[in-house]
Amino acid sequence: MTSSAVAARERTPRHEWWADGLEAAVYLVSAVGVAFVLSGGAFTGASGLDWFYALGRVVGVIATVFLLAQVLLVSRAPYIERSVGHDRTVALHTRLGKWAIILMVVHVFFVVGVTTNHDGTTFVATLGMFFTQAWYLAAAQLGLLVFLAVLASSLVIVRRRWRYESWHTVHLLVYVGTAFAVPHQFLFGGTFSPKGAAWWFWLVLYVFAFGSLLVFRVARPLWVAARLGLHVASVEALPDGSTSIVVRGKGVQSLGARAGQFFLWRFVAPGFWREAHPFSLSRTPDADTLRITVKPSGDFSSRVALLKPGTRVIAEGPLGVFHGERRLGRGLVLVAAGIGITPIRAMLEALPQDDAPVDVIVRCSSEPDAPLLDEVRAIASERGARLHVLAGARGESGWAPAATPVTLAQLVPDVSRRDVFICGPRLWALAVAADAAEAGVPQRRVHREEFAW
Amino acid sequence: MKASRRAGVVLASGAIVAVGWSAAPEAIPVDPTLSADPQAPSQGGGAQPDAGPSGAPGAEQAFDGPPVSNLRGTYQARIVVRDGEVVDVQAVVAGTSAYESVAVNSVAIPEFRERVLKAQSWDVDAVSGASYTSPAFIESLRGAFEAAGLE
């Protein structure tokens, strides 16, 4: 029997149930919404074009459920965050988000089209009627324009040319678009305007999604920051150009952060407070401190070295499912590149002191360029973990240096029986994951997380 | 998602939608007395149901208002006048054939009929729950009253 066959027979980890359950819930809740449209009589006695009108309403309901699922995903509520993981979240977001907007367009096309036909006017004239007859439909129409702008800004070709901050700002407009679209659902559509079960169902969806967003993205981070008195305790420049920042807060350990996780950090200082950025913990949290290590790669990360001790900090988290407790077996291979070394270093430190085999692979252009390499080296030797440092320029393909194109299987002969944790730039991490799959590591034992949305 | 789970989700969603479908109300048959025959008199004073001369004592005459369209369909009122008195109010067209439209208008149009007959005026209160029917039907009623020379 091959080792992958053994691994494949292991039971499905709990978090996969959760992640699938979340996606399933989106579809089932959509189905309930559609059922309310039907039970309200949208299709009853419908003839000819009325069918398209009713279909347009069904599509609008699905679009809204997909949209609210997005809001729930970005709320980073613990019941989402602990189960789904960022790569899965991103995939779900991209897929459902795009469909939400496409379905909105279909909704408007069908409903306005049939109305136009009934009234014997033109499509544009009907859209114009919104502004004189129903402010909530006029608002919804403006909301759709906002959503189309968001969709356009997220197209690959546009996104590649824009600064992340510009794209993100446009993306935040979805809240404006949603606010514009809500009134017509409760005031015009026949399904959710009468105050009955459907009305309550629809209200609860909104309250749950936006409630989660407000509680977990706004209220809780502010409360935690105030209660623990989170502030910058020290700022240390590292020889490779990175900066380590220690954030102190009384009893910060009570947040339950695990080595490998990250927070979204907001520093309350001029020039910083507008932006929150994800940085992984670069050492195991202790009673009162958290440490992050930031490599200058953009405008914000280059400036963090200027932060003054005492600066107030607002942190959203702990976030992410990249931590040691996700492993399914005992043996580990930790693979890091660039600043991706931070969670790997923290995880290595937090591992239980047992005889489980651990290999650490650090990929860098040159050893002096690798942040925290001295710390990793010290912890690895203490723990008895094997450290492989692969320095050198990258090749045309593959994740190893061009000069020494090794594979995971060559470095760690029994890799197929281990859990592989990968952290580094996206394309590089994908290459490592592909190599792991090649070496026979089952997909669920390859752990990788993406930070950016 | 695994294929087996996906199938489960599809089945469950289908079952939920089926429950909604089976809970849908029966179609309301459009009340034949509600809508007048649109082929009959088109504009007030034009064709007349009775052969008698306009305004002849005891003669009934029908007057149609203009069709008024809004987002919920088209509405056209008809009043029947005898000896300067409105004796009947009908809808030539009211909304669409969709269930919710028929449901609203099957209540709203008879309500308007009662109010107009009582007030002998087009200027009646809107019917609650018929926020699209009301302004359109009242506008058409006004046209019908003007055509009948009753304003």
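Just so you know, these numbers come straight off a predicted model, no measurement behind them.

**Student:** I would appreciate a short explanation of the overall build of chain B in the present structure.
**Tutor:** When you go through chain B residue by residue, the secondary structure sums to 3 helices and 4 strands. When the helices and strands of chain B are placed in sequence order, the string is α-β-β-β-β-α-α. Across the 151 residues in chain B, those meeting the buried criterion constitute 37%. Counting contacts in chain B only where the partners sit at least 6 residues apart, residues at least 24 apart contribute 49% of the total.

**Student:** Where do I start with the pairing of strand β3 (residues 262-268) of chain A in this structure?
**Tutor:** Side-chain direction in a regular strand flips from residue to residue, so the side chains alternate between the two faces of the sheet. Residue and element names in this part refer to chain A. With 5 of its 7 residues buried, β3 lies for the most part within the structure. Pairing of β3 with strand β4 (residues 277-280), which is carried by 4 bridges, proceeds in the antiparallel orientation. Of the residues in β4, the one forming a bridge with Phe-262 is Ser-280. Judged from the 6 bridges that link them, β3 and strand β6 (residues 312-319) form a sheet pairing that is antiparallel. Residue pairing across strands places Trp-265 opposite Ala-315, the latter belonging to β6.

**Student:** Help me understand helix α13 (residues 373-383) of chain A in this model?
**Tutor:** Because an α-helix completes one turn every 3.6 residues, residues spaced three or four positions apart along the sequence face the same direction. Residues and elements named next belong to chain A. Leu-373, Val-376, Ile-379 and Ala-380 are the residues of α13 that are buried. For α13, the angular spread of buried residues about the axis comes to 130°, placing them on one side. α13 presents Ala-378, Ser-381 and Glu-382 as exposed residues on the side facing more than 90 degrees away from its buried surface. Looking at the buried side of α13, the elements it contacts are α12 (341-350), β8 (358-364) and β9 (386-391). Downstream of α13 by a residue or two, Gly-384 has a phi angle that is positive, lying close to 80°.

**Student:** Would you take a moment to explain the interface of chain A and chain B for this structure?
**Tutor:** How big an interface is tends to be stated in terms of accessible area lost as the parts join. With 28 residues of chain A at the interface, the matching set in chain B holds 26 residues. Elements with a contribution of two residues or more to the side of chain A that touches chain B: α2 (14-39), α3 (50-74), α5 (86-119) and α6 (123-133) of chain A. Tallying contributions element by element places α2(A) first for the side of chain A that touches chain B, with 12 residues. Residue composition of the side of chain A that touches chain B, grouped by class: 14 nonpolar, 10 polar and 4 charged.

**Student:** Looking at this structure, how should I read the domain arrangement of chain A?
**Tutor:** Residue and element names in this part refer to chain A. When its domains are assigned, chain A resolves into domain 1 (3-219), domain 2 (229-319) and domain 3 (324-448). When each unit is reduced to the centre of its C-alpha atoms, the spacing between domain 2 and domain 3 is 24 Å. On the side of domain 3, 16 residues touch domain 2, which itself brings 14 residues to the contact. Taken together, the residues of the side of domain 2 that touches domain 3 break down into 4 nonpolar, 6 polar and 4 charged.

**Student:** Is there a simple way to explain the pairing of β9(A) in this structure?
**Tutor:** All names here are of chain A. Here 6 bridges tie β8 to β9, and the two strands are oriented parallel to one another. Residue pairing for β9: Asp-359 is matched across the bridge by Arg-386. This β-α-β element, β8 to α13 to β9, shows right-handed connectivity.

**Student:** Would you mind showing me how to read unusual backbone geometry here?
**Tutor:** Keep in mind that most residues, glycine aside, have a negative phi and that most peptide bonds are trans. Cis geometry is adopted by the peptide bond preceding A:Pro318, which originates at A:Gly317 and carries an omega value of 0°. In this fold, A:Pro318 is placed in strand β6. Located in the positive-phi region is B:Asp83, a residue other than glycine, with phi close to 55°. With respect to the helices, strands and loops of the structure, B:Asp83 is situated in the loop between β3 (73-82) and β4 (85-95). Residue class for B:Asp83 comes out exposed when judged on the 12 C-beta atoms lying within 10 Å of it. The backbone of B:Gln120 shows a phi angle near 55°, a positive value even though the residue is not glycine. Following the sequence through the fold, B:Gln120 ends up in the loop between α2 (99-119) and α3 (133-147).

What counts, and where the lines are drawn
- Residues numbered from 1 in each chain as written.
- Chains lettered and ligands numbered in written order.
- Predicted model: local features only at pLDDT ≥ 70, side-chain atom pairs only at ≥ 80, totals over all residues.
- Helix = DSSP H or I, 4+ residues; strand = E, 2+ residues; numbered from the N terminus.
- Buried ≥ 20, exposed ≤ 12 C-beta atoms within 10 Å, placed from the backbone.
- Contact = placed C-beta atoms within 7 Å.
- Pairing = 2+ DSSP bridges.
- Arc of directions from axis to C-beta.
- Nonpolar A, V, L, I, M, F, W, Y, C, P; charged D, E, K, R; others polar.
- Domains from an automatic or database assignment.
- Right-handed = clockwise from strand over helix to strand, strands pointing away.

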